[in-house]
Amino acid sequence: MQIQISDHFTTPKLLRFALPSIVMMVFTSMYTIVDGLFVSNLVGQEAFTSLNLIWPAIGIFSAFGFMIGTGGTALVSKTLGEKRERRACEYFTMLIVFEILLGILISVMTMIGIEPLARLCGATEDLIPDCIAYGLPLLACMAFSFLSASFQSFLVAAGQPKMGLMISLAAGVMNMVMDYVCIAIFGWGIFGAAFATGLNWVVGAVIPMVWFYKHQESPIHFTRFSWRFGALGKACFNGMSEMVSNVSMNLVALLYNLELMKIAGPDGVVVYGIIQYLTFLFIAAFLGYSMATAPCIGYQYGAQNHEELSSLLKKSIGIIAAASVAIVILSDALAPLLSSIFVSYSPTLMEMTQHAIRIYSLCFLAAGFNVFTSSFFTALNNGVVSAVVSLMRTFLFQVGAVLLLPIWFGLNGIWSATTVAEGLSLVVSIAFLVCLRKRYGY
């Protein structure tokens, strides 16, 4: 029997419901890793450095898709919980059209300014050509990036998380195959990696769009709509925390790269790039769980079912606690493997990578709680609290730690900055959950 967001969830049932989204997000992060793997081993360290320098800029612009997807899903799920199905479909259609228009606008603006953008990211003269070769195709596909990200959230709200998983798996496998074909066979270098990723975004956007158009029996589907700018603003504001989180995370990555270029040079950027891939992988698991449970939380909030809302929160805290410990242990175990896969050509880089991962991985003890707390308040349509948690976690504490800790601890200070930031953010998350429990009845 298909699980619906209105159901009562036991812990096993909640895990079964969330598993497709978790696997989807982990798999999505893997084809970003594959880009780096092929570029590092088949194109070279210089190209790998360029990829890691320009990627934060691409991530910053891609964050708009997460904003509309998560904020829009919260609004649509709440509207469904209020039994206003027609209005929910109108909101959904309006949000998708808005995403397309916004994506086209951002593509045009960023493609024109690609070279100064590469310089701003820390690229030196010899790295700029590769930054442009990788960044230009991806910036051209921004609308598809937005849609592929947001459709995953909307498919969960439509009760189709498995379809989202299958689309993601198909697009991801194609991405990996095309990485090999474009780089190893066609010899397109770093441009081939970008081409493969852009094609993945196109597939992830087009297939769900066709599905929502054809399946009018779905709880949400495309329909005629009128622009409701109040609702559009509400959705964007609700999802602001996810956008802030992604923008801040990429701004901090840019800051990391700039600081590492000063302290350790290109080698430091390479090591941080590998650490980022590890972060993508495990944070993706927390994001996938949060993405899956958000529509359930939003529905129960709209239906004013406080008992089920409280149950979802308690079960989620237990699941995340167990996963956090397991992920830290796994990160330590994977350190030698990751270093050998990416930089086996350099014993110095291998040693530096293993050391850095073992320090950095402690951040996962707190990161999952912070990701879920932000998503939880987004689902409750409290964009302010969600944005504050995200801003503290991914920007304010991170920037302070990256700038201050290296003064006292050198390179180890940079590797431990994220752990310190996540720990401080956890205090903020707990404070909001405790202080607002009576208002929302959880």
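One can find the structure itself at the top, above this paragraph.
All figures in this text were calculated on a predicted structure; none of them were measured in a lab.

Where helix α3 (residues 85–112) contacts helix α6 (residues 142–157), the axes come no closer than 7 Å and their chain directions differ by 155 degrees. Taken together, α3 and α6 sit at an angle that is classed as roughly antiparallel. Relative to α6, the crossing made by α3 is right-handed. Along its contact with α3, which presents Phe-92, Leu-95, Ile-96, Glu-99, Ile-100, Leu-102, Gly-103, Ile-104, Ile-106 and Ser-107, the element α6 presents Met-142, Ala-143, Phe-146, Leu-147, Ser-150, Phe-151 and Phe-154. Looking at side-chain class alone, the contact of α3 with α6 contains 13 nonpolar, 3 polar and 1 charged residues.

A word on unusual backbone geometry. The residue Lys-83 is not glycine, and still its phi comes out positive at about 65 degrees. Structurally, Lys-83 is set in the loop between α2 (45–81) and α3.

What follows deals with the pattern of salt bridges. By the definition in use, this model includes 10 salt bridges. We note a salt bridge from Lys-78 to Glu-82, for which the minimum N-O separation is 2.6 Å. On the accessibility criterion, Glu-82 (31% relative accessible area) is partly exposed. Glu-259 serves as the salt-bridge partner of Lys-262, at 3.2 Å between the closest nitrogen and oxygen. Taken together, the residues Lys-262 and Glu-259, both in helix α10 (residues 240–263) and 3 residues apart, mark about one turn of the helix. Residues joined in a network through salt bridges with shared partners are Arg-86, Arg-87, Glu-90 and Arg-228.

Glancing now at the side chain of Thr-373. Along the polypeptide, Thr-373 turns up in helix α14 (residues 364–379). Note on Thr-373: relative accessible area 3%, which makes it buried. At 2.8 Å, the side chain of Thr-373 and the backbone oxygen of Phe-369 are in polar contact. Ignoring anything within four residues of it in the chain, the contact list for Thr-373 reads Val-389, Ser-429 and Leu-433.

Of all hydrophobic cores here, the largest spans 142 residues; its most connected members are Tyr-134, Phe-212, Ile-220, Phe-376 and Tyr-442. With 23 residues, the single largest contributor to this core is helix α11 (residues 266–302).

Under the definition given, this model contains 29 aromatic pairs. Relative to Tyr-442, the ring of Tyr-440 lies with its centre 6.5 Å away and its plane at 10 degrees, an arrangement referred to as stacked. Within the aromatic cluster, the residues linked to one another by ring pairs are Tyr-289, Tyr-301, Phe-372, Phe-376, Phe-377, Tyr-440 and Tyr-442. When the ring centre of Phe-9 is taken as origin, the NZ or CZ atom of Lys-13, which lies over that ring, is 5.7 Å away.

Right, let's get into a nonpolar patch on the surface. Together, Tyr-180, Ile-185, Phe-186, Trp-188, Phe-191 and Phe-195 make up an exposed nonpolar region whose accessible area comes to about 600 Å². Among the elements of the structure, α7 (161–185) and α8 (190–214) are those that each provide at least two residues to the nonpolar patch. One can find Ile-185 in helix α7.

To continue, consider the packing of α7 against α8. Relative to each other, α7 and α8 sit at 155 degrees, their axes nearing to 8 Å. One element, α7, and the other, α8, form an angle in the roughly antiparallel class. Between α7 and α8 lies a crossing of right-handed hand. Packed against α7, whose contacting residues are Met-163, Ile-167, Ala-171, Gly-172, Met-174, Asn-175, Met-178, Asp-179, Cys-182 and Ile-183, the element α8 presents Gly-192, Ala-193, Phe-195, Ala-196, Thr-197, Leu-199, Asn-200, Val-203, Gly-204, Ile-207, Pro-208 and Trp-211 at the interface. For the contact of α7 with α8, a count of residues per class yields 15 nonpolar, 6 polar and 1 charged.

Attention now goes to the environment of Gly-172. Note on placement: Gly-172 falls in helix α7. By relative accessible area, which is 0% here, Gly-172 ends up buried. For the pair formed by Gly-172 and Gly-204, sequence separation is 32 residues and the distance between their alpha carbons is 9.1 Å.

Further remarks concern the environment of Leu-75. Relative to the elements of secondary structure, Leu-75 occurs in helix α2. The spatial distance from the C-alpha of Leu-75 to the C-alpha of Gly-239 is 9.6 Å, given a sequence separation of 164 residues. Residues within four places of Leu-75 in sequence aside, it is in contact with Tyr-91, Ala-231, Lys-234, Ala-235 and Asn-381.

Note that Val-181 resides in helix α7. For the pair formed by Val-181 and Gly-192, sequence separation is 11 residues and the distance between their alpha carbons is 8.3 Å.

We now examine helix α12 (residues 306–343). Taking 1.5 Å as the rise per residue, α12 with 38 residues should run 56 Å; its terminal C-alpha atoms sit 51 Å apart, in good agreement. Along α12, the helix axis deviates most sharply at Leu-334, where the bend reaches about 45 degrees; the proline Pro-336 sits within four residues downstream.

What follows concerns the state of the cysteines. What the rule picks out here adds up to 0 disulfides. Looking at the unpaired Cys-131, the closest cysteine sulfur is the one in Cys-121, lying at 7.1 Å. In this structure Cys-131 comes out as buried when scored by relative accessible area, which is 0%.

The next point concerns the side chain of Ser-62. Within the element layout of this structure, Ser-62 appears in helix α2. One polar contact links the side chain of Ser-62 to the main-chain carbonyl oxygen of Ile-58, over a distance of 3.0 Å. Among the polar contacts listed, one links the side chain of Ser-62 to the side chain of Ser-145, at a separation of 3.4 Å. Setting aside residues up to four positions removed in sequence, Ser-62 forms contacts with Met-142, Ser-145, Phe-146 and Trp-201.

Calculation notes
Residues numbered from 1 in each chain as written. Predicted model: local features only at pLDDT ≥ 70, side-chain atom pairs only at ≥ 80, totals over all residues. Heavy atoms only, no water. Axes fitted to C-alpha atoms, helices over the stretch in contact; angles between N-to-C directions. Helix = DSSP H or I, 4+ residues; strand = E, 2+ residues; numbered from the N terminus. Parallel < 35°, antiparallel > 145°, perpendicular 65-115°, else oblique. Left-handed = near helix turned anticlockwise from the far one by under 90°. Contact = heavy atoms within 4.5 Å. Nonpolar A, V, L, I, M, F, W, Y, C, P; charged D, E, K, R; others polar. Salt bridge = Lys/Arg side-chain N within 4 Å of Asp/Glu carboxyl O. Buried < 20%, exposed > 50% of the residue type's maximum accessible area, 1.4 Å probe, protein only. Polar contact = N/O pair within 3.5 Å; in protein donor to acceptor, adjacent residues only side chain to side chain. Core = buried A, V, L, I, M, F, W, Y, C linked by side-chain atoms within 4.5 Å. Phe/Tyr/Trp six-rings, centres within 6.5 Å; stacked < 30°, edge-to-face > 60°. Lys NZ or Arg CZ within 6 Å of the ring centre and 35° of its normal. Patch = residues over 30% accessible without salt bridge, like charges linked within 9 Å, V, L, I, M, F, W, Y side chains within 5 Å. Areas by Shrake-Rupley, 256 points an atom, 1.4 Å probe, with all protein chains shown as cover. Expected span 1.5 Å × (residues − 1). Bend = angle between axes of the 7 residues up to and from the residue. Disulfide = S-S within 2.5 Å.

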